[in-house]
Every structure is written in structure tokens, then in C-alpha cells.
2 protein chains.
Amino acid sequence: MNHSLRRRRAAKAAAEAGVEALLLTHLPDVRYLTGFTGSNGTVVLVGGKAALFTDGRYTTQAKEQTKGLKVVTVPKSAAAAAGAWLAEQGVKRCGVVAAHTTLAQLDGMRQALPAGLRRSFFKPVEPLVAKLREVKDADEVAILRKAAALGCRLFDPMLTLLQPGMTEVEVAAELEYAARRAGASGMSFDTIVASGVRSSLPHGTASLARLPRRGFVTLDFGVMVDGYCSDMTRTVHLGKATAAEREVYDSVLEAQLAAVAAVRPGVALGDVDEAARSVLRRAGLDKQFIHSTGHGVGLEIHEMPHVAAKQTAVLQEGMVITIEPGVYLAGRFGVRIEDMVLVTARGGETLTPTLKAWIEL
Amino acid sequence: MNHSLRRRRAAKAAAEAGVEALLLTHLPDVRYLTGFTGSNGTVVLVGGKAALFTDGRYTTQAKEQTKGLKVVTVPKSAAAAAGAWLAEQGVKRCGVVAAHTTLAQLDGMRQALPAGLRRSFFKPVEPLVAKLREVKDADEVAILRKAAALGCRLFDPMLTLLQPGMTEVEVAAELEYAARRAGASGMSFDTIVASGVRSSLPHGTASLARLPRRGFVTLDFGVMVDGYCSDMTRTVHLGKATAAEREVYDSVLEAQLAAVAAVRPGVALGDVDEAARSVLRRAGLDKQFIHSTGHGVGLEIHEMPHVAAKQTAVLQEGMVITIEPGVYLAGRFGVRIEDMVLVTARGGETLTPTLKAWIEL
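## What about unusual backbone geometry?
With an omega of 0 degrees, the peptide bond running from Met 304 of chain A to Pro 305 of chain A counts as cis. Its place among the elements puts Pro 305 of chain A in strand E14 (residues 303–307).

Shown next, in the form of C-alpha cells:
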């Protein structure tokens, strides 16, 4: 990982935002810029240099994981100490990310400054590093491929395991155990196993409900590999489906494939969303597609960009996004199909190529 | 769960803080006050009434999970819509929790208000609901007992499983699989398995390192049950220990027992911390006890109160805290022992009564 290149890019973005220094507390940003994986860390960038503030639990780890920056161990708030340190260096105006800074944090950081600087020192800025993180570098793409492939390999064995009567939690247990044994450091979010009528809940994390003899099972899961997330969803049917179930599945699949086909550098995010949404509109199912089409995925399971209606920002080569249309018929059933897609010069490359064809078990 | 009683208490705290309404976005607070478990929700309390704002994914779930409040589904930011709704009701001044509100969120919420109200409408307040949540009610204590007991039951089988040469990740896989099969809905944090020299890292989440033939293994793990967290740590030794290893273990255990013995309503949190710290000071190990003694545990793995040096707030009956002193000798080894402790009228009741005596495997 070329952390120093990333820091130079972040410093450039800060300069463009009109601040001479940048103070970052969001842990995925901290990891992205330094390699440090601890649970308490603040990074500051100033005049081509960087420093990482953390606490005594992480002194050893911070020095081992980082290169080319100063590591400072402080007893209390890393962010407040970092701000005070910048003021000592003569900095007059420091950017803090508005989306990642709470009112309480800002207050604490201000209290640590000399009185004369308190009002003017911190300037809220856009999530500059989250924006840089939208486009993955080669190292990140390699890890995301690995994570996505690991996730994919977990799916086929699940098909021989799903049985009416087992609980959703048992399904999640088997999936997560297999993930760990395959080398995942954990799951990237609470595993969703939504069966029968629960498949109509877009976010039905595994419950004690039992898989039905007839009905859909939606599996939405992701693994963590080297700090990066995978994310995929498949929906399969237990027993013989009704014509209505089959029709909804086919429409969602068609929508998903249309959105993946729309992926190409320069295409607006809103147009990718519309590619999926228009298929469902023609099928009379767009009112039941109640969320956006996808999101970026990387160090965080949900990150920029937002693949949603009316988004005018465009896809760039190196972005990794999910494409996950779904249809939810309240009280009846639901279907969602999701892949991770890498934006390449030639179009979208699906990183989770597990079968999406209709499966009746 | 008596959510309406909790809401009345929160409304009273808001009145005492000088605001006529309260807007809450922190999801554990939302769950605590309403029962709603979705990933997007804002609660407002005003004039003895409550409303929950969420998005279309959660319309069904929000209505099923809550009682005695209005559920409003909005297409965009639930918090901004909730603030605007309060303004329509004639509210002039609404509390927002400073520790849980970002600068970007506050800005978005202000933009949704009539221009004349923007400057004065939102008043940052202390984490009032987190404060209420410090003292658990009977329903919560029952669930926390269940979660702690489930965690406890996972430990003994691990002792027959730990073998030199297996990776830390494999240990975590077995533990987490057993947790799921025993009914946990997930883990309450990334499982820590820190073996050999890695036991000297206070936060060594499971890695690909292999368990040594001789050395400590620290297991720090927790399960989720009905939304509540358990948390416990045990450190065992593989192979024959050195005298130094045994001495450190005995000191940490003595410190842990001393702190548990100090737990009683009315005792200052700082005195509980000092009970552990003074034992380690006498053993010449206090400089290597580089974190605080414990924290509250409930809907979140880390919540108030903070059991740390100099904290003058006192323990109250019904609090559930961890007691987890540790000693970390950089580059050599570390030991931590942790229990969950319920504060009762008669003193501390350990909810995780798994053996803490010296174990050599």
C-alpha cells in the first residue's frame, strides 16, 4: 500500500478546500492513509508531513504498522491532542470532516486550543478522504477481488445445506463458520438470512424463524479480508414456486443485469440506477423497489459513491460498487440479487460471479 | 420492555436540560426508547408524545416493533424530516445530543427548517439517554444475564480445543460458530484471540498467528442476545509457564478480584479502578496496566459509566459494568481477566462466573 502517495493526495485535496492542515478521526480514513488498524487514532496532515495520535494501548502496534510519520501517544483524546499540536506548529486553520465530527468532539478539540484560536481554527470540510477512497488503487482492487471470491465460494455449499425447518440463525452460523475457516477475519455486516414472508424485509438479519417448505430464502452476506469488505446477495426458492414468485425473480434478475451492463466510466450514477429501475417499472414493480441500486464498498461496507436516482456524479475506472435491486411485496415475499462490480475501462467486471439463474431447491 | 416509561424519563431529562423537545439519532437510544431495531431511525419526544422517523425499507418493521408512537416514513434524511416536523408543531427549541450529532447532520437538519428558526432551534445537550441507560431495568438485567451466561458456556469447550499450531482465526471461528449454534444473534465485537507475544497487545483481534507450544492465549469475546452484549476475557497458558508469567497472572487476578469486591452502590467509579490499580502498583506492574478498569455494557459493548481513575460519579444499583484489569509487557506477554458485574444492593454480582483460576493446558 502506498500510504505516502495517499497522504499527498489528501493534502492536495485539503489545500483545494482552503485549509493548511487536515485532522482526520474517521478510522477507515486513518487506516487508508497510514495502515494503522487500532480503534483509536487521529491523523493530521500538515506541510507535507503527517502524525498519528493514539493511546498507550496502541504504541507498539502504531509504530509497527506505519511508516514515514510521527506516532504520538496521548493519555486522553487523540483528536484534541492532535489539534493542540497543530496549533503549536503555527497552523491557523485546520480542516475537519463535517460528516465525521460530532458537536461534542469539536467542542473538546476547541477547548484544547489557546483561547485566541478557538473560534476560527477548525473549518468543516467535505469528506475529502472518503472521496479519494471511491477510486481503488491496484492494491485495494487485489484485496477486494480476494474478499469477493472468498464470499462467492461460500455460497454453493450453502445450497446443499438449506433445509426446511432449520432456523435462519443456524444458516448464518454455518455460513460464518465456513467464512472464518476459509480465512475471513470476520463478517463485514450482520448476515441477512430472510426466509418465507421475512424475505419481504429488505434488512431481515437472521432470526429464529425456520426456513419454510415453500418460499424464498435471501442470503445477503459479506466477509472481511485484510480490512476490506465483500458484499453479495442471492435469493433461492425452497420447494415449488408460484408463477408470481418466478415472475418477480425474473424481473429483479433482468433489472440487475441491466444495471451491471450500464456500468462504464463516465456514466452517471443515476443512469445506472435508472437502468435497473426502468426494468422494474415496465414490470409494474418499481414501487416495490424501495431502496437505491447500490453503494461503494471498500474499507467500509457502505461508502461513496451512492448509486441512486438522480445522482449526477459519474462512474470512474477503479470504483467498486454493488448493484442490488430488490422487490419487496409486504406480507408476501421479496427478492434481491446483488453483485460487487469493478468499473474497468471496458465496462463493469462482476467480482462475485456466482450463479444468478433461478434455483429451486 | 416498558418503552413508554423510558420515554417519559427521557422527556423529563430533556425538560431539565432546558429544551421542550428532544431529537435522537443514536440507534441504541432509538431502540431503547421504542424497540425499533432498524438501521435508520430518528426519535422525537415532545409534549408527552413520541414519533419515529425512518425510511421505506422499515415501514412494516417499525410499525410491528413499536407501540404508542407515530411512525413516519420519509424518502431522505429521517433526522432532517424529524426536525422540520417539530418546527411545524410549534416547537422553538429542541435538544440534540452533542456526542451523537455530526456537524454535517446538524447542518442538514438546519437547512430543513424555516429560515427564521435555523440559528436558535437546536441546542446541543449531554447524552441524556445514554445516562438513563446506565441503570438497567429488570427486563434488561434478565437479557444481560442470558447473554453473559451464553458467553460463559462457550469457554469451557474451548479449553479442550486449543492446540499449539492452530491459528488464532481458527480459534475465533470455533468460538463464534459455537456462539451462533447456542443462539447468539452475533458477536458483540471482533473476537480477540491473542497468543504468545501477541498477548501483550491489549486489542489483538484474531490473526493468522499460530498458537505457541508455550505461552499465554487471551480470549476476549462477547455475544449478542436480543440486542444486548456480553463481554468477558480469560487468559490461559499453553505448556509450562515461567515463574514471571505465573506472577503476572496472579497479580492481575488479585487486582480483578479486588475491584469486583469494591463494587457496591455509592462507591465512586474511580475507587473501583483504584482497587485494581493499587494491587498492581504494589506488584510493580501498574505502569503496564495501560487502560481503564472497565465500562458499562448493554445495548452497546462500550457505554457509560467509565470505570476509570479519578471518576467521581458513583455506582448505582442496576448498573452492569466490566471489570478487566490487564498487564502488558511489550514484546513478551500479557494477561487480562474480565467479568461482567451487576451492581446489586449487596455488592457486585459476577454475571460471568467462569473459572478464573490459573489454567495450564
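Continuing now.
## Describing helix H10 (residues 269–282) of chain A
All names here are of chain A. Counted at 1.5 Å a residue, the expected span for H10 with its 14 residues is 20 Å, and the 20 Å between its end C-alpha atoms agrees. At Ala 275, H10 shows its largest kink, close to 25 degrees. Most of H10 is tucked away: 10 of the 14 residues are buried. Elements in contact with the buried residues of H10: helix H9 (243–262), E14, strand E15 (320–323) and strand E16 (326–329).

## Examining the sheet that holds strand E11 (residues 228–229) of chain B
Whether parallel or antiparallel, the strands of a sheet pair through hydrogen bonds between backbone atoms. Residue and element names in this part refer to chain B. Strand order across the open sheet formed by three strands is E7-E10-E11, with antiparallel pairing between neighbours. Of all the strands in the sheet, just strand E7 (186–187) and E11 have a single pairing partner and so form its edges. In this structure, strand E10 (residues 223–225) lies alongside E11, joined through two bridges in antiparallel fashion. Pairing of Val 225 across the sheet is with Tyr 228, part of E11. Strands E10 and E11 of the sheet are contacted by helix H7 (residues 138–161), whose axis makes an angle of about 145 degrees with E10.

## Section: the relation of the copies chain A and chain B
Placing chain A over chain B gives an RMSD of 0.0 Å and needs a rotation angle of 180 degrees, together with 0.0 Å of translation along the axis. Accordingly, the operation relating the two chain copies is best matched by a two-fold axis. Rotation axis and chain A: the residue whose C-alpha lies nearest the axis is Thr 102 of chain A, separated from it by 1.9 Å. Both copies contact each other with a shared surface, as 100% of the interface residues of chain A are interface residues in chain B too.

## Here's the deal with the pattern of salt bridges
Per the counting criterion, the structure on display carries 40 salt bridges over all chains. Residue Arg 277 of chain B pairs with Asp 273 of chain B through a salt bridge whose shortest N-O separation is 2.7 Å. In this pair, Arg 277 of chain B and Asp 273 of chain B both sit in helix H10 (residues 269–282), four residues apart, roughly one turn of the helix. Exposure class is identical for Arg 277 of chain B and Asp 273 of chain B. Each is buried. Through salt bridges with shared partners, one network takes in Asp 29, Arg 133, Lys 136, Glu 300 and Glu 303 of chain A.

## Focus on the environment of Lys 67 of chain A
Its location among the elements puts Lys 67 of chain A in the loop between helix H3 (59–65) and strand E4 (70–73). Lys 67 of chain A sits 63 residues away from Ser 4 of chain A along the chain, and the two C-alpha atoms are 8.3 Å apart.

## Description of the state of the cysteines
Scanning the entire structure with this criterion turns up zero disulfides over all chains. Cys 229 of chain A provides the cysteine sulfur closest to Cys 152 of chain A, a residue in no disulfide bond, and the two sulfurs are 15 Å apart.

## So, the domain arrangement of chain A
All names here are of chain A. Split by domain assignment, chain A resolves into domain 1 (3–132) and domain 2 (138–350). Distance between the C-alpha centres of domain 1 and domain 2: 35 Å. At the junction of the two partners, domain 1 supplies eight residues and domain 2 supplies seven residues. Counting each side, the surface lost to burial between domain 1 and domain 2 is near 630 Å², with a carbon and sulfur contribution of 61%. The tally of links from domain 1 across to domain 2 stands at zero salt bridges. The interface formed by domain 1 and domain 2 includes two residue pairs in polar contact (both at pLDDT 80 or more).

## Some words on the packing of helix H8 (residues 168–181) of chain A against helix H8 (residues 168–181) of chain B
To characterise two packed helices, one gives the angle between the axes of the helices and the distance between these axes. Direction vectors running N to C along H8 of chain A and H8 of chain B enclose 180 degrees, while the axes themselves pass 9 Å from each other. Classified by the angle between their axes, H8 of chain A and H8 of chain B sit roughly antiparallel to one another. Between H8 of chain A, through Val 169, Ala 172, Ala 173, Glu 174, Glu 176, Tyr 177, Arg 180 and Arg 181 of chain A, and H8 of chain B, the contact on the second element is made entirely by Val 169, Ala 172, Ala 173, Glu 174, Glu 176, Tyr 177, Arg 180 and Arg 181 of chain B. Of the residues belonging to the contact of H8 of chain A with H8 of chain B, the class tally is eight nonpolar, no polar and eight charged.

Thresholds applied
Residues numbered from 1 in each chain as written. Chains lettered and ligands numbered in written order. Predicted model: local features only at pLDDT ≥ 70, side-chain atom pairs only at ≥ 80, totals over all residues. Heavy atoms only, no water. Helix = DSSP H or I, 4+ residues; strand = E, 2+ residues; numbered from the N terminus. Expected span 1.5 Å × (residues − 1). Bend = angle between axes of the 7 residues up to and from the residue. Buried < 20%, exposed > 50% of the residue type's maximum accessible area, 1.4 Å probe, protein only. Contact = heavy atoms within 4.5 Å. Pairing = 2+ DSSP bridges. Axes fitted to C-alpha atoms, helices over the stretch in contact; angles between N-to-C directions. Least-squares fit on C-alpha atoms with pLDDT ≥ 70 in both. Salt bridge = Lys/Arg side-chain N within 4 Å of Asp/Glu carboxyl O. Disulfide = S-S within 2.5 Å. Domains from an automatic or database assignment. Buried area = accessible area lost by both parts, 1.4 Å probe. Polar contact = N/O pair within 3.5 Å; in protein donor to acceptor, adjacent residues only side chain to side chain. Parallel < 35°, antiparallel > 145°, perpendicular 65-115°, else oblique. Nonpolar A, V, L, I, M, F, W, Y, C, P; charged D, E, K, R; others polar.

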